[in-house]
Amino acid sequence: MPIINFSNPTAILIGVVLFLLVLYLARETKKAWIIGIMLFVFLGLLIGHTIEFATVARENHEIYNAILASAAMDLIFIFLSFITYLWVDDIEVKAGKKKSIDNSLDWFWNKV
């Protein structure tokens, strides 16, 4: 089975709760690196699931499906972590009255 089995709804719920707690901590302290650590944790999980997929998944169809579901949830968590990292970074810049180098979130609203 995968390192962390995100094909189990209980594991997904625990992951979401931990993510929200870390997001709350990062937002309250106005430190983007806290949510950045969460981003790298999910990247590490994706790497682990990829290694498991390459080595173990051929043994059993059930393990194959569990690793695919876990990797898909990893990608969702990575996307959410990246977006929230940009958001908390924007909060940190505004709170510290620093100049933002790239205005990270503005590319969502810019018209092409």
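What you are looking at is a predicted structure, and each value in this text was computed from that prediction instead of being measured.

Asker: Any chance you could explain the overall build of the protein chain here in plain terms?
Answerer: Assigned secondary structure in the protein chain consists of four helices and zero strands. Starting at the N terminus and ending at the C terminus, the protein chain contains elements arranged as α-α-α-α. Each of the 112 residues in the protein chain was classed as buried or not, and the buried ones make up 33%. Counting only contacts in the protein chain whose residues sit at least 6 apart along the sequence, the fraction spanning at least 24 positions is 68%. Here the protein chain has roughly 7,500 Å² of accessible surface; of this, 69% comes from carbon and sulfur atoms.

Asker: Where do I start with the packing of helix α2 (residues 32-55) against helix α3 (residues 61-95) in this structure?
Answerer: Running from N to C, α2 and α3 cross one another at 160 degrees; their axes reach a closest spacing of 8 Å. Overall, the two elements α2 and α3 adopt an arrangement that is roughly antiparallel. The handedness of the crossing between α2 and α3 comes out as left-handed.

Asker: Which parts of the structure should I look at to understand the packing of helix α1 (residues 9-29) against α3?
Answerer: To describe two helices that pack against each other, one gives the angle between their axes and the distance between the axes. Interaxial distance between α1 and α3 falls to 11 Å at its minimum, and their mutual angle equals 10 degrees. Between α1 and α3, the interaxial angle falls into the category roughly parallel. Facing α1, whose interface residues are Ile 12, Gly 15, Val 16, Phe 19, Leu 23, Ala 26 and Arg 27, α3 presents Met 73, Phe 77, Leu 80, Ser 81, Thr 84, Trp 87, Val 88 and Ile 91. Tallied by class, residues from the contact of α1 with α3 come to eleven nonpolar, three polar and one charged.

Asker: Mind showing me how you'd approach a nonpolar patch on the surface here?
Answerer: Side chains of Leu 13, Ile 14, Val 17, Leu 18 and Leu 21 sit close together on the surface and give an oily, nonpolar patch of about 480 Å² of accessible area. With a relative accessible area of 53%, Leu 21 lands in the exposed category.

Asker: Even after reading the chapter, I still don't get the nonpolar core, so can you show me in this structure?
Answerer: Nonpolar side chains tend to gather and get buried jointly when the protein is soluble and globular. Core analysis: the biggest nonpolar cluster contains 18 residues, and Phe 6, Ile 35 and Phe 42 have the highest contact counts within it. Elements that contribute at least two residues to this core include exactly α1, α2 and α3. The leading source of residues in this core is α2, at eight residues. Ignoring anything within four residues of it in the chain, the contact list for Phe 42 reads Phe 6, Phe 19, Asp 74, Phe 77, Ile 78 and Ser 81.

Asker: Explain the confidence of the model for the protein chain here, please?
Answerer: Low pLDDT means the predicted atomic positions in that stretch should not be read closely. Within the protein chain, residue pLDDT values average 86, and 88% of them lie at 70 or more. Of all secondary-structure elements in the protein chain, the lowest mean pLDDT belongs to helix α4 (residues 106-109), at 68, while α1 reaches the highest, 93.

Asker: Explain α2 here, please?
Answerer: Since the α-helix advances by 3.6 residues per turn, residues separated by three or four positions end up pointing in the same direction. Helix length check: α2, at 24 residues, gives a terminal C-alpha distance of 35 Å against a target of 34 Å (1.5 Å per residue), a fit within 8%. Those residues of α2 lying buried are Ala 32, Ile 34, Ile 35, Gly 36, Met 38, Leu 39, Phe 42, Leu 45, Leu 46, Gly 48, His 49 and Glu 52. For α2, the elements touching its buried residues are α1 and α3.

Asker: What is the right way to read the packing of aromatic side chains from this model?
Answerer: Inspection of the entire model under this criterion finds four aromatic pairs. Considering the side-chain rings of Phe 19 and Phe 77, the 6.4 Å spacing of their centres and the 50 degrees angle between planes classify their relative orientation as tilted. With Phe 19 in helix α1 and Phe 77 in helix α3, the pair connects residues that are 58 residues apart, well separated along the chain. We classify Phe 19 as buried; its relative accessible area is 6%. Centroid distance Phe 42 to Phe 77: 4.7 Å. Interplanar angle 5 degrees. Geometry classified as stacked. Residue Phe 42 is located in helix α2, and its partner Phe 77 is located in helix α3; the two are separated by 35 residues in the primary sequence. For the pair formed by Phe 42 and Phe 77, the shared burial category is buried. Taken together through their ring pairs, the aromatic side chains of Phe 6, Phe 19, Phe 42 and Phe 77 make up a single cluster.

Rules behind the numbers
- Residues numbered from 1 in each chain as written.
- Predicted model: local features only at pLDDT ≥ 70, side-chain atom pairs only at ≥ 80, totals over all residues.
- Heavy atoms only, no water.
- Helix = DSSP H or I, 4+ residues; strand = E, 2+ residues; numbered from the N terminus.
- Buried < 20%, exposed > 50% of the residue type's maximum accessible area, 1.4 Å probe, protein only.
- Contact = heavy atoms within 4.5 Å.
- Areas by Shrake-Rupley, 256 points an atom, 1.4 Å probe, with all protein chains shown as cover.
- Axes fitted to C-alpha atoms, helices over the stretch in contact; angles between N-to-C directions.
- Parallel < 35°, antiparallel > 145°, perpendicular 65-115°, else oblique.
- Left-handed = near helix turned anticlockwise from the far one by under 90°.
- Nonpolar A, V, L, I, M, F, W, Y, C, P; charged D, E, K, R; others polar.
- Patch = residues over 30% accessible without salt bridge, like charges linked within 9 Å, V, L, I, M, F, W, Y side chains within 5 Å.
- Salt bridge = Lys/Arg side-chain N within 4 Å of Asp/Glu carboxyl O.
- Core = buried A, V, L, I, M, F, W, Y, C linked by side-chain atoms within 4.5 Å.
- pLDDT = per-residue confidence, 0-100.
- Expected span 1.5 Å × (residues − 1).
- Phe/Tyr/Trp six-rings, centres within 6.5 Å; stacked < 30°, edge-to-face > 60°.

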